[in-house]
Amino acid sequence: MAFYRTDCVEKPVSKLFEKLGHLVGSYPLWFFVVPLITSAALGGGLYFLKDGVNNDVEQQFTPINGPSKQAREFVKATFPSNDSLFSTQRLYAEGNYSVIIFSVTEGNILTDALFEEIRELDKQVHGLSVTVDQTQIRFKDLCARENGECVPNPILNVTDNKFANLSFPIKKWRGKDVFLGSTVGGVEESGGVIQRARAVKLFYFLQDINGTLEWLQQFQNFLFGKTFNKGLEVSYFTSLSRQEEIEKHTTDGIPLFSITYSLAISFSVLSCMRLDNVRNKIWVSFMGVLSAGLAVLSSFGLLLLLRVPFVITVANSPFLILGIGVDDMFIMLSNWQQTKVKDPVEKRMAETFKEAAMSITITTLTDVLGFYIGLMSEFRSVQAFCLYTSTSIIFCYVYNILFFGSALALNGRREQSNRHWLTCCKLPTQTPEGKSLAYRLCCVGGDYDQNTGAEKQQPIVRVFKSYYGPFLIKPWTKVCVMLIYLGYLAGGIYGCFNLKQGINMRDLASDSSYVIDYYDNDRKFFSRYGPNVMVAVTEELPYWNESSRSELNHCMEKLYSLTFVNQNLSKAVSWLDGYLQFAQNQRLNVNGENVFMENLSSFFLRYPEFKLDVNITEGKIGASRFFLQTLDIANASMEIAMFNDLRNAAQSCSAAKLLVFHPLFIYLDQYMVIVTGTIQNVGFTTAVMLVVSLLLIPNPLCSLWVTFSIGSVVTGVAGFMALWDVNLDSISMIILVVCIGFTVDFSAHISYAFVSSKKSTANERAVDALVSLGYPVLQGAASTIIGVLVLATSRNHIFRTFFKIMFLVMSFGLAHSIIFIPVFLTLLSCSSNETKKTTTKVPDVIPKIVMIENKSTAYDNYAFTKDSPHMCGQTVKTQSTDIYFIPNNKMPSSWCRDPDCP
């Protein structure tokens, strides 16, 4: 079966690289120096790193055009805050605050002895002050106010050191209902009365004025390392904490990258080390790693010069670039070693570029396009990562071709003159007679394979050729591989259905941070009552009309009836229910517009907090809002359910246009786009990969196999993410894009080698592909895994997540490239190299053929290599090669005989 080969693209590009390789081989010093100068110049941009850091949590890790951001703008414009009438449930943003959680491991925190310490600490917090512009500012100068006083902590007021018969969650105090659900946690109750509680939470709300940020910092310093007696534990948090933590750990990857760089150099040097003193590739491998480092330096410096924001996610990029650069280095080095050592360096470089540059061009194109597609993401953190990484890959590619290529050429010139890899002294190729073994080990070099003219194969390459390759193509091995693949695929699909979504704000802090303790205690003790969600009626509505009120009430009842909404607590803060009760008490008939509107002012005088819930413009109620008290939001899955159900119930209301909002929803918007965004990015990227593969891999069916491997690896990585407790969020979504790039890297290298092979059968081509590129692919995967291995020790969740997913990507990508793909290619052949062994008539004009082996036989025959362009006569199979014999009496006179032959 013949296939259409895309030679119209592949051949011209290969020819272009062949010329470039010859140019680099001719003038290596220029191509070595120019990248160094360029990197030094662009690297100056790292001076602006500190100014370029932008880790605003909301800006970077929430959808750019999330609906909750639009809802917040509406709430902010329609229901402005009142400085003299502060209300936590009516905030449209988190605001400025600090909070302390007091807890006990066991027992009851509502005791006189423990509350004495709690009250004492509360007094000390109120006494904290800061000096700003030589002015001393105290807490009471900054605090948010309610009726002219600092907003109190209700648990300290309602108890008054009397804990018996303390009702929960509502406590009557001075004629008002006080909600204790957000301030008393770990409650055991009976008949609505607290029997035991394990935690108490105190809030300190502040205005957004001069001195607030300094006071919050002073609050953190005051509580840091503070200890208490009697088993009382304290955790704390401020409105600055989340932002400070993520900014504090942005540069944590720098020392880790230093370790990674050292490991990459060590691995590369060891894997490229040779016992031959001339063929040793130590300096070449070092230059390959240096090339990747220069690419990171140049790209980061350039983008920082252009003032592109640097986000914490970008700190993962150097680890990725190092892996890509080292992988490409191994590919080029492998192709160099297959050239003939006696050829001029320029020719060897041309042949190396012709094969290797084409292969790494395919992978670079797919990687870059994949990351540029990531720029369409809804998350700015993803956009920043993709921009920095794609730019780094471009530099990495250029430097691999030019800088590393020139290093390879310079090393080739050293080898050509048979000089020692360290001393550069000329060495003999053979051990002089009488010299010791030690002399041979240190003072002799330059050996090569006399049959092929190329460097001797490394032992592991012979393993691929003689053992692993033949083993993989056995029929029973193929059956086992298929069964293993089906098991892998089943596990991946199962995991995909159990994959959790969303980024946990807790994970943005370091493991050792005080923030972790606060989040853990808050989730442990205060998950019984969730956020107080705002429901806004965004359009004019005739509230005086009984029919309209009934329809609106029907919509609200739908919301009240949701499983995680407390109906009684929600109705307690309804301005409309309160007004109707007020009218009934005053014996007013508010079913007419005039009466309804005229008596609102009297109602607001008695209940001033409800005035914040009604927007009256030009005598009409343009908008109003109600509140829902949620229950039992203990984890991210419950948050997603609450978020989706509230939105759906609000949108289904036919009486009016409703909008649900809470500041937390800004972060929950990610659940609306994370899955669709990931599928869109992966799907679009895969389609682009298919187009690139069709253009550059000289066989359309093999391009389909590359695309298939993308889907297969993405499925496996996403599925096993779930089994490794990794959520699908903006961070892991980035790595899934990376997953596509590396999958193409591995599968494209092997597929390209397969279709380029001159072997006659699919099984032989599969073995040939593994022999050619199996070891470089294995080296690339191993170097990347070693590179990211240090991230497993990081205290930062973002870096550990990167390690987990990259480990899955590299492991599954490697398995596909050297196990699954070769087997699949043999089952459905991708090439039309199958040939029939038939006798061919000797053509009239035959080019020069070099004769080998069997130079003189009893039959006066002449032998030719299997690579001879024209062959005829009897074919004799041997283990090493196919020997073609042509009787002497049939040899045309135009053929050039070997003078050594008889």
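Residues numbered from 1 in each chain as written. Predicted model: local features only at pLDDT ≥ 70, side-chain atom pairs only at ≥ 80, totals over all residues. Heavy atoms only, no water.

## Let's talk about the overall build of the protein chain
Next, step 1: Across its full length, the protein chain carries 31 helices and 20 strands.
Next, step 2: For the protein chain, the residues scored as buried account for 54% of the 902 residues in total.
Next, step 3: For the protein chain, the proportion of contacts with a sequence separation of at least 24, taken over those separated by at least 6, is 78%.
Next, step 4: In the form shown here, the protein chain has an accessible surface area of approximately 40,000 Å², with 56% of it arising from carbon and sulfur atoms. (Helix = DSSP H or I, 4+ residues; strand = E, 2+ residues; numbered from the N terminus. Buried < 20%, exposed > 50% of the residue type's maximum accessible area, 1.4 Å probe, protein only. Contact = heavy atoms within 4.5 Å. Areas by Shrake-Rupley, 256 points an atom, 1.4 Å probe, with all protein chains shown as cover.)

## Focus on the pattern of salt bridges
Next, step 1: Enumeration according to the criterion identifies 20 salt bridges in this entry.
Next, step 2: In this structure, Arg-800 engages Asp-511 in a salt bridge whose closest nitrogen and oxygen atoms are separated by 2.7 Å. Placement of Arg-800 in helix α31 (residues 797-827) and of Asp-511 in the loop between α18 (475-496) and α19 (514-525) is noted, with a sequence separation of 289 residues between them.
Next, step 3: Residue class for Asp-511 comes out partly exposed when judged on its relative accessible area of 41%. (Salt bridge = Lys/Arg side-chain N within 4 Å of Asp/Glu carboxyl O.)

## Regarding the packing of helix α17 (residues 459-472) against helix α30 (residues 762-789)
Next, step 1: Where α17 meets α30, the closest approach of the two axes is 9 Å, and the angle between their N-to-C directions is 125°. The orientation of α17 with respect to α30, classified from their angle, is oblique. At the point where α17 passes α30, the crossing takes the right-handed sense. In this structure, α17 contributes Ile-460, Val-461, Phe-464, Lys-465, Tyr-468, Gly-469, Pro-470 and Leu-472 to the contact, and α30 contributes Val-767, Leu-770, Val-771, Gly-774, Tyr-775 and Leu-778.
Next, step 2: For the contact of α17 with α30, the per-class residue count stands at 11 nonpolar, two polar and one charged. (Axes fitted to C-alpha atoms, helices over the stretch in contact; angles between N-to-C directions. Parallel < 35°, antiparallel > 145°, perpendicular 65-115°, else oblique. Left-handed = near helix turned anticlockwise from the far one by under 90°. Nonpolar A, V, L, I, M, F, W, Y, C, P; charged D, E, K, R; others polar.)

## Quick notes on the confidence of the model for the protein chain
Next, step 1: Overall, the prediction assigns the protein chain a mean pLDDT of 82, with 87% of residues at 70 or greater.
Next, step 2: Ranking the elements of the protein chain by mean pLDDT puts strand β19 (residues 874-877) last with 39 and helix α2 (residues 28-42) first with 95.
Next, step 3: Confidence drops under a pLDDT of 50 for residues 1-6, and excluding neighbours within four residues, the segment shows 18 contacts in the predicted structure.
Next, step 4: Predicted confidence for residues 831-902 stays below pLDDT 50, and this span has 109 contacts to residues more than four positions away or in other chains. (pLDDT = per-residue confidence, 0-100.)

## Observations regarding the packing of aromatic side chains
Next, step 1: In the structure shown here, the tally under the stated rule is 51 aromatic pairs.
Next, step 2: Ring centres of Phe-300 and Phe-310 lie 5.9 Å apart, and the angle between their planes is 70°; this geometry places the pair in the edge-to-face category. You can see Phe-300 sitting in helix α12 (residues 282-305) and its partner Phe-310 sitting in the loop between α12 and α13 (317-337), a full 10 residues away along the chain.
Next, step 3: For Phe-300, a relative accessible area of 6% puts it in the buried group.
Next, step 4: Note on Phe-310: relative accessible area 7%, which makes it buried. (Phe/Tyr/Trp six-rings, centres within 6.5 Å; stacked < 30°, edge-to-face > 60°.)

## Some remarks on the state of the cysteines
Next, step 1: Considering all chains together, one arrives at two disulfides under this definition.
Next, step 2: A disulfide bridge connects Cys-143 with Cys-150, and the sulfur atoms are separated by 1.9 Å. Residues Cys-143 and Cys-150 are joined through a disulfide that is left-handed, its torsion about the S-S bond being -70°.
Next, step 3: Residue classification places Cys-143 among the buried positions, given a relative accessible area of 1%.
Next, step 4: With its sulfur 2.1 Å from that of its partner, Cys-555 forms a disulfide with Cys-653. Residues Cys-555 and Cys-653 are joined by a disulfide whose S-S torsion is about 85°; by sign, that bridge is right-handed. One end of the pair, Cys-555, is in helix α20 (residues 546-560); the other, Cys-653, is in the loop between α25 (636-651) and β17 (658-661), with 98 residues separating them in the sequence.
Next, step 5: By relative accessible area, which is 11% here, Cys-653 ends up buried.
Next, step 6: Across the protein chain, the way the bonded cysteines pair up, counted in sequence order, is 1-2, 3-4. (Disulfide = S-S within 2.5 Å.)

## Concerning the pairing of strand β10 (residues 193-196)
Next, step 1: Bridging between strand β9 (residues 188-190) and β10 involves three bridges; their strand directions are antiparallel. Note on β10: the bridge partner recorded for Glu-188 is Arg-196.
Next, step 2: Here β9 folds back onto β10 in antiparallel fashion, the turn holding two residues, of which Gly-191 has a positive phi close to 65°. (Pairing = 2+ DSSP bridges.)

## Comments concerning the sheet that holds strand β8 (residues 184-185)
Next, step 1: Spatially, four strands are ordered β8-β11-β1-β12 in an open sheet, and the strand pairing comes out antiparallel. On the outer flanks of this sheet lie β8 and β12 (233-238), each paired with one strand and no other.
Next, step 2: Summarising the sheet, strand β1 (residues 96-103) and strand β11 (residues 199-206) pair through eight bridges and their orientation is antiparallel. Within the sheet, the bridge partner assigned to Ser-98 lies in β11 and is Tyr-204.
Next, step 3: Strand contacts of α19: β1, β8, β11 and β12, with the helix running at about 105° to β12, the strand carrying the most contacts.

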